[in-house]
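# Per-entry structural report
Residue strings, one per chain:
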Amino acid sequence: MVTVTRTRADADAPAGPAGGGNDGPLTRLLRAVPVPLVLITMIALSGVVLGRVYAGPLLTRLVVGAAVGSVLVSMAARRLPSWLVAPVSVVGLTGWTLLSLRLAASHAELPGSLGEVAADAARNAIPRLLTAMIPVEPAPDTVLVPVVAAWLTGLAAAEVALRTGRVLLGYLPPVLLYAGALYVVGPNADPAIAPTIVFAAVAAAGLAMPSHRDGPATADPTAGLAPAVRAAVRVRLLAAGAAGVAVVVALAALIAPLVAAQVDDRPVDPRRYVEPPQVESLDENPLIRISGWALNPDQKLLEVHTETGTPTQARIRLAVLSDYDGVTWRVGATYRNAGRILPATEPVPGVATDTIRQQITVADLTGRLLPAVPTPREVTGARVAYDPATATLIRPEGLTPGLHYTVTSTREHLDANLLATANVPAGDPVARVLRVPDGAPEQLRRLATQLAEENGAPYARATAIQDFLAEHYRVTADAPSGHAYPNLTFFLFGPRNGGGQRGTSEQFAAAFAVLGRLAGLPTRVVVGFAPNTDGPVRAADASAWPEVLFDGVGWVPFDPMPRPNEEPRPVEEDFRPTPDDPPPSQMPEPTVEPTATPPPEAAPGPQSDRGGLSTPVLIGGGTGTLMLLVGLALLTLATLRRNLTRARLQRGDPGQRIAGAWRELTDTLRLAGRPAGGDLAAAEVAEQARRTLAEARAAMPAQPGADLPDGEPDELAGLLNQVAFAPGTATPDQADRAAELAHRYATALRATRPWWRRLLWTVHPGPLRWRR
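Predicted model, so just to flag it, every value in this text is computed and none were measured.

What counts and what doesn't
Residues numbered from 1 in each chain as written. Predicted model: local features only at pLDDT ≥ 70, side-chain atom pairs only at ≥ 80, totals over all residues. Heavy atoms only, no water. Helix = DSSP H or I, 4+ residues; strand = E, 2+ residues; numbered from the N terminus. Buried < 20%, exposed > 50% of the residue type's maximum accessible area, 1.4 Å probe, protein only. Areas by Shrake-Rupley, 256 points an atom, 1.4 Å probe, with all protein chains shown as cover. Axes fitted to C-alpha atoms, helices over the stretch in contact; angles between N-to-C directions. Left-handed = near helix turned anticlockwise from the far one by under 90°. Contact = heavy atoms within 4.5 Å. Nonpolar A, V, L, I, M, F, W, Y, C, P; charged D, E, K, R; others polar. Salt bridge = Lys/Arg side-chain N within 4 Å of Asp/Glu carboxyl O. Core = buried A, V, L, I, M, F, W, Y, C linked by side-chain atoms within 4.5 Å. Phe/Tyr/Trp six-rings, centres within 6.5 Å; stacked < 30°, edge-to-face > 60°. Lys NZ or Arg CZ within 6 Å of the ring centre and 35° of its normal. Pairing = 2+ DSSP bridges.

Along the backbone of the chain there are 24 helices and 17 strands. Looking at the chain residue by residue over its 772 residues, the buried ones come to 46%. Counting every atom, the chain has about 36900 Å² of accessible surface; 60% of that belongs to carbon and sulfur.

Encoded structure:
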């Protein structure tokens, strides 16, 4: 006889497959899938939110791929030691990133090898992402950061939630990624209500599901305990759960009103902290280049070949100048990095359009402005930035001989029958193109008033100004450049035998635009080319022409140039003002006067056992995750700070660069905790700067940087005063000297700080947001 002895452990053991140690493969699989699926969904929803400001679904697909890949790699490597998972995942990250860059480059039709594309994207990813036009074209430099961030988020979340079973702590990286996506989108898309609700619902579902960890599972954590101990443990667990619920409810009650109050507020746009691509000083006022081109008519600037459309009368636009200060017409456009496909704008209802596609090769044309027939819709062969308000393009890297690109444009054909009865808009939306600067000469006002009184309708007024200029003035290639008030007055009313009443298209277009604004017409000046046929575009084809804005029609070009073989009539037959003395041939361009504190620019463990990881490993994993996220944030801040300093010290004319150097000095004082008051003069700020450095040296005499001469802040203050009180006299060498002085002072003062303050100095976000 065999006696079977049943122990108490046998009596308490589960009798069927419900016990964790007897789970079958299918049961274990079903328990292991939900949490990874939740993590993938949360990360993918970040891609959905960010993809709302991208053109097409490519970005969302790449982020979803990064989420799936990172979580699956962590699941596949869960049997490996925790320290080995990150290198394995980085290998997967490298492969997926390269594939994403290749797909994005193919989508954007960018030339170059994968290595060149990857290097360019790594250098410019963050600035181009934050300066790109909405919708953002999925290109290598605009998808790199989201893809890498999504992969790292999946790695961190999977390691914490799956390896340690701490699901709630594993939610931290996806929540931070989702918040970052919302911040980058900012006010450029509708509120992400639906994705946020789904995000919260998925997160709650993940918490409701049991986490899966290797090792036997126990249905009841109190099993095997004495009845009294078991009851006490259950009471404590119940009390802890109730306390947790109470804390969550209390926090919700406190935070909900604060969150609700922010619902209607406009989100912060991070793009305001990054300066978009700027035009060079040569391109800021291309109108002054007309006279130089007129003197060299055979200079080849472009080569144009039309693939589709009719090239006849296809004016190629270079720049649109909408701002006039009485001295200079300026571009004043805000360019944003754009992809191959440009944002589409609806044409004016009832206006016929056709499509024209041209291949353009740059010859001797310099600067950054990129010629194209308006309105461009697609550009291939060159990376561009675009201003939708003027439909003009720039190439941020600048034009180079041999640059070849293709532009597809939608060309509008105006209905002349609508112009006779068309009105002109008024009010704040067009105040910029109606503004007449102070100091307009009386002769200009009298002429504009005379032409407006004789012609009531807006189109009749514009036609009268056009005909007056065409009939009374002569075009000549050797006329001096200039379109300030004195230049225009001499052009319009100066004696014909003394050089007056003649000019290039620069004076004709500028005079029309100023007279039009004085007569109540919204006007602007356009610089471009009017070639007769395909082939070389020479300097003789360069021209400037005015445009007038009409309701229901849009911008209409006018031609105030004299008709061929027609002798101009004397101005005195129709108008008799008192002529002014001839002005200098070239008026100096104005320089903004900086103050003592200039305004802001407009303004990156041990192996687990079956019972789970130890506390040091858990802390190390969480710390590593936070370090990755913090490192990315610090890299972003350092990049933004470096771009800000570079823009201040290297871009603009010498006066603007000196003013930027002064801002660097005042920011240095604020970073050192000694801000300069806004009411102090430049010399007083320089004295404070010298005193601050001297005190810092006395406190830490052994630190480097003590060789900085005491007078250098005073020298920088002197350069600033020169810019303020003698505009236009600063030289590039003085601007370079100012940049050197600001850099040396910042280096010397930073060197006196403790080592941890020196580390924080470079990534301090203050200079990005300080108001002056």
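Time to look at the packing of helix α20 (residues 682-699) against helix α22 (residues 732-751). A pair of packed helices can be characterised by two numbers: the angle between their axes and the separation between those axes. Put simply, α20 and α22 touch, their axes get as near as 9 Å, and they point 35 degrees apart. Here α20 and α22 pass one another in a crossing that is left-handed. Along its contact with α20, which presents A689, R690, T692, L693 and A696, the element α22 presents Y745, A748 and L749. For the contact of α20 with α22, the per-class residue count stands at 6 nonpolar, 1 polar and 1 charged.

So, on to the pattern of salt bridges. Applying the stated rule across the entire model yields 27 salt bridges. Notably, a salt bridge pairs D120 with R123, separated by 3.7 Å at the nearest N-O pair. Of this pair, D120 and R123 both sit in helix α6 (residues 114-131), 3 residues apart, which is roughly one turn of the helix. Between R128 and D120 there is a salt bridge; the shortest N-O distance is 2.6 Å. Side by side, R128 and D120 carry an identical accessibility label, which is buried.

Within the largest apolar cluster, 81 residues are counted, with the highest numbers of intra-cluster contacts made by L492 and F529. No other element matches helix α17 (residues 505-518), which puts 8 residues into this core. In this structure, L50, A118, A150 and A158 belong to the second largest nonpolar core, which totals 49 residues.

A few words now on the packing of aromatic side chains. Geometry of an aromatic ring pair is reported as the spacing of the ring centres plus the angle between the planes. All chains considered together, the criterion is met by 11 aromatic pairs. For the pair W293 and F529, a centre-to-centre distance of 5.8 Å together with 45 degrees between the ring planes defines the contact as tilted. On the criterion of sequence distance, the pair formed by W293 in helix α13 (residues 289-295) and F529 in strand β14 (residues 523-529) is long-range, its members being 236 residues apart. For the pair shown, W293 and F529 are each scored as buried. Measuring from centroid to centroid gives 5.9 Å for Y459 and F558, while their planes differ by 45 degrees, and the two rings are tilted. Of the two residues, Y459 sits in helix α15 (residues 458-472) while F558 sits in the loop between β17 (554-557) and α18 (615-650), which places them 99 residues apart along the sequence. Among the aromatic side chains, those forming a connected cluster through ring pairs are Y459, F512, F550 and F558. The residue whose ring lies beneath R315 is W545, and the NZ or CZ to ring-centre distance is 4.4 Å. Lying over the aromatic face of W555, R524 brings its terminal NZ or CZ to 4.1 Å of the ring centre.

Turning our attention to the sheet that holds β14. In spatial order, the strands read β2-β14-β16-β17; together these 4 strands make up an open sheet with antiparallel pairing. Across the chains shown, the open sheet's two edge strands, defined by having one partner strand only, are β2 (316-321) and β17. Averaged over neighbouring strand pairs, the angle between their axes works out to 35 degrees when direction is ignored. Running over the sheet, α17 touches β14 and β16 (542-550) and is turned about 15 degrees from β16.

Right, let's get into the environment of A201. Assignment of secondary structure puts A201 in helix α10 (residues 193-208). According to the relative accessible area criterion, A201 is partly exposed, its value standing at 46%. Separated by 163 residues in sequence, A201 and V38 place their C-alpha atoms 9.9 Å apart.

Below, the discussion takes up the pairing of β14. Most of β14 is tucked away, with 7 of its 7 residues classed as buried. Residues of β14 alternate between two faces, with T523, V525, V527 and F529 on one and R524, V526 and G528 on the opposite face, all of them buried. Of the strand pairs in this sheet, β2 and β14 are connected by 5 bridges, and their pairing is antiparallel. Bridging from a neighbouring strand, L321 pairs with V525 of β14. As defined by bridge partners, β14 adjoins β16 across 7 bridges and the pair is classed as antiparallel. Paired with T523 across the bridge in β16 is V548.

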